[in-house]
Structures are given as structure tokens and as C-alpha cells.
Amino acid sequence: MKKPELLVPASSLEVLKVAVIFGADAVYIGGEVFGLRAKAKNFSKKDMEEGIAFAHDHNVKVYITANILAHNKDLEEIEEYFIELRELEPDALIISDPGAFMIAKKICPQIEIHISTQANNTNYGTYRFWHQLGAKRVVSARELSLKEIAEIREHIPEEMEIETFIHGAMCISYSGRCLLSNYFTGRDANQGACTHPCRWKYAVVEETRPGEYLPVYENERGTYIFNSRDLCMIEHIPELVEAGIDSFKIEGRMKTALYVAAVARTYRKAIDDFFCSRENYEKNMPWYREQISNCTYRQFTTGFFFGKPDETAQIYDNNTYVKEYTYLGIVGEKRTDGRYRIEQRNKFSVGEIIEVMKPNGENIEVTVRSIQDEENHEMESAPHPKQVLYIDLGQPLAKYDILRRQEKEEQADG
């Protein structure tokens, strides 16, 4: 059996470095244009250059998304953009639009082209079509079962690769081709500006009674009929491998470094354990479940992998997600006095017990002994987002360790 690639999202240069350190084989990122996450921080050309160099230094690949559904006005700019990307030498471009595909083939013939899930890739004929045009890899539609993916594997060339989402948010619309956001707000999901109306609260209106809203009650809070659970396949690594999937893709190009670190680390260990021995993988299942539940999530489902989802795959009574940990920051360089630099992400205080997440799977409880600002002034707490601080946790730390705090049954809006 071929060991699959672990493909992890990154919203920024900082998150890319975390993904690399915490176990990714490849990272996918978006530039400032033509990706489907316009609200993500995304990468400037300078950040892409640094990120690709960092990843390649660690033998990790970088794929750049350019998967909007292009309009006429986009084509000339796409050509200019691909000329820029050619100089950066990413390992692949992720594309859904045939017009953009043909431009990429002309401008960047040396760079692999991967076909985005946005292209509705639901059968082996589609895979063969893209292979004949020169695509190296196709991302399967989320609506496929493992049986269908295995059939695709049997009917496509051996060198062609299958990439499949195995963890993260599920889109209510077929292969992410959603029109709700554009209709309600004028922000086009297929141009990267989705406002996630699938998470909103809805009611029913009878045709002859305009303005009379009939709530579909699940409880006193109303119903969220389009709100899907999050996909999680951590308990099904063997089935995913046996189906012939080449790349396990994590969703989440708008997620924090804490989320990316936790998911990447957990799937990295699960994949490695399985390829060591199935018994080892099964023995460590409680750890995987615990660690994956430490991420922010909306309950879990196995999506379409084992057949069409039923009503249990939806969340009808709320639009919240579970948040068990708060992200505090990433450990930076060590100062001569032994303190470590961090850029604070959420408030924490001297005397608090927090946790250090390490790439090897360790979670170490520590007490915050001291916090100093850049002028060496002692501080009782760190209340200012993105403030640069120097901390003493009474423990040796490593660059890119993640700091987090466990919360008590907290939920946040989705």
C-alpha cells in the first residue's frame, strides 16, 4: 500500500510554517487573487516566496490555489498572475476552470496542475479527461463514497493521483458550487467571497402568505436546516488507504495555527502508526479522538464516504461550534536571558496554567512565571492582540511550539 500524502491548509506564512513543523507532507495556500478564500489572510508574493523556500527546506511541497470560476475579465490577469507564480516555483497549481487550466499549461508547463473539487469530479471518465489534458491530480468531489473512489482508482492510470478531503467543514452545496451567498449579499462563493449563509437561521414562507414566517422548530431557538457537521475520518485511515487515495486533504484555509497544528499532528501520527502496524493505530485511537476534539469543530460526520448522509449529518438546533482550547501564540526565538518571544493571540496572565503543544505529540502543562513587553517591563497579563512579548514558562521550549489554554464548555459562533 502506498503511504498517502498529508495535505494541510495554511492561511498565512506563520500558519504554513506551523503546518510544516507539525507534520504536513504538503501545504496548500492562496495568493491575494483567484483563490476561493478571499476573506483569508492569504499570501503576498514575498510571503509565498518565503513560504515555498521554508517548506522546500523541510522537504514539504507547496500547492497554490487558483480555483475561481473565471469570467472574461479575469483571463488576462490570470495570465499575468501565472507568470509571477512561475518564478516562485510552487509544486502545483490547483485549478477548476478550463480556461485557467489552458493558460497554466501555456505559462507554467513545468508546474503540476491539480484539478480542484470545484470542477465536480465525480467519475473516472472525468479523471481520464483531465489526465489526457495533462493534469497530474484530481480532487474528488465530496459527494463520493469510498466505493466510488476505489472504482475510480481501478479505472485511471497508475501515475494519476486522487486527492480527497478527509477532515474539515462540509459545504451544503454540491462540490461547493453555491449561489446562496451571491443571491443574498452579492458576494460570490465561486469568486472566493462566500458569506456562509448555510450557517444562518431559516424559516418557511407559504406562497399565498408573503411576509408570514413559519419557523420549523427543532427547539426554542429555531432551526438551521443547511448547517452541516464537520467531516472527520480519523477513525477510518485504513479504509481511506485501501480505496487508493494518494493525498489526504484537510479543509481549513481560514483556520488558526492552533487548529492546523492540532489536526496536522493528529493525522500525521495516525497515518504513521497505521503504516507501522494496524494494531498500533487501533491502540492509539483514544489519543487521536481526544486530540482531534481539542480543535474547534461543529460535531463530526463521515460525510458521504459510507453512503448518503442522513439527518444525523446536520445540526438543526444551533450554528455554534465547540471550542475546547484558546490559541495563545507561537513560540519564537530564545532571548539571551532565557525568555522566549511570542506574538500574543489571546489574553493570558502570570500565574495561569497553560499548555505547550509540541509537534511530537506531547502536551505539557506549564505555569506562566513571567511576562515582559519589548521594553522589558514586567506585565501581569497580556491583553493586547498581536503584542510581542517575552515569557518565562519554567520549561525549555522549541521554536514553533504552540501555546494554548483549555476552556470550560465554551462555545463560539460559527
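Provided above is the structure to which this section pertains.
Below is a short write-up of the structure. (Residues numbered from 1 in each chain as written. Predicted model: local features only at pLDDT ≥ 70, side-chain atom pairs only at ≥ 80, totals over all residues. Heavy atoms only, no water.)

**A short note on unusual backbone geometry**
Then, number 1: Positioned with a positive phi, N59 is a non-glycine residue whose angle comes to about 60°.
Then, number 2: Checked against the element boundaries, N59 lands in the loop between α2 (45-57) and β3 (61-65).
Then, number 3: For N59, a relative accessible area of 71% translates into the label exposed. (Helix = DSSP H or I, 4+ residues; strand = E, 2+ residues; numbered from the N terminus. Buried < 20%, exposed > 50% of the residue type's maximum accessible area, 1.4 Å probe, protein only.)

**Examining empty space enclosed by the protein**
Then, number 1: Summed over the entire model, instances satisfying the criterion amount to 2 cavities of 30 Å³ or more.
Then, number 2: Space inside the largest cavity adds up to approximately 70 Å³.
Then, number 3: Lining the largest cavity are 13 residues; nearest its centre among them are R142, T164, F165, L231 and F305.
Then, number 4: Across the lining of the largest cavity, the residue classes tally to 8 nonpolar, 4 polar and 1 charged. (1 Å grid on protein atoms, 1.4 Å probe; cavity = no way out; pocket = protein on both sides within 12 Å on 5 of 7 lines; lining within 4 Å. Points joined across faces, edges and corners; volume = space filled by probe spheres on them. Nonpolar A, V, L, I, M, F, W, Y, C, P; charged D, E, K, R; others polar.)

**Describing the packing of helix α1 (residues 13-21) against α2**
Then, number 1: Interhelical geometry of α1 versus α2 gives an angle of 10° and a closest axis separation of 10 Å. In terms of axis orientation, α1 runs roughly parallel to α2. Along its contact with α1, which presents L13, L16, K17, V20 and I21, the element α2 presents D47, E50, G51, F54 and A55.
Then, number 2: Here the residues of the contact of α1 with α2 sort into 6 nonpolar, 1 polar and 3 charged. (Axes fitted to C-alpha atoms, helices over the stretch in contact; angles between N-to-C directions. Parallel < 35°, antiparallel > 145°, perpendicular 65-115°, else oblique. Contact = heavy atoms within 4.5 Å.)

**Observations concerning a negative patch on the surface**
Then, number 1: Together, E76, E77, E80 and E84 line one region of the surface with negative charge.
Then, number 2: Tracing the chain through its elements places E84 in helix α3 (residues 72-88).
Then, number 3: Taking the relative accessible area as the measure of exposure, E84 reaches 36% and is therefore partly exposed. (Patch = residues over 30% accessible without salt bridge, like charges linked within 9 Å, V, L, I, M, F, W, Y side chains within 5 Å. Areas by Shrake-Rupley, 256 points an atom, 1.4 Å probe, with all protein chains shown as cover. Salt bridge = Lys/Arg side-chain N within 4 Å of Asp/Glu carboxyl O. Lys, Arg positive; Asp, Glu negative; His and termini not counted. Charge placed at Lys NZ, Arg CZ, Asp CG, Glu CD.)

**So, the pattern of salt bridges**
Then, number 1: Under the criterion given, the structure shown has 28 salt bridges.
Then, number 2: In this structure, R137 engages E5 in a salt bridge whose closest nitrogen and oxygen atoms are separated by 2.9 Å. In this pair, R137 sits in strand β6 (residues 137-139) while E5 sits in strand β1 (residues 5-9), placing the two residues 132 residues apart along the sequence. Note on accessibility: R137 and E5 belong to one class, buried.
Then, number 3: The partner of D25 in a salt bridge is R268, with the nearest N and O atoms 2.9 Å apart. Here the residue D25 occupies a position in the loop between α1 and β2 (26-30), and R268 occupies one in helix α9 (residues 257-276), the gap between them amounting to 243 residues.

**With respect to the pairing of strand β7 (residues 161-168)**
Walk down a regular strand and you will see the side chains alternate between the two sheet faces.
Then, number 1: Burial of β7 is extensive: 8 of the 8 residues sit out of reach of the surface.
Then, number 2: In the sheet, β6 pairs with β7 via 3 bridges, with the strands oriented parallel. Opposite R137, over in β7, you have E161 as the bridge partner.
Then, number 3: Crossover connection from β6 via helix α6 (residues 146-155) to parallel β7: handedness right-handed.
Then, number 4: The pairing of β7 with strand β11 (residues 247-250) spans 4 bridges and is parallel. Bridged to E163 within β11 is S247.
Then, number 5: By the bridge criterion, 2 bridges tie β7 to strand β10 (residues 230-232) in an arrangement that is antiparallel. In the sheet register, G168 faces β10, and the bridge partner there is L231. (Pairing = 2+ DSSP bridges. Right-handed = clockwise from strand over helix to strand, strands pointing away.)

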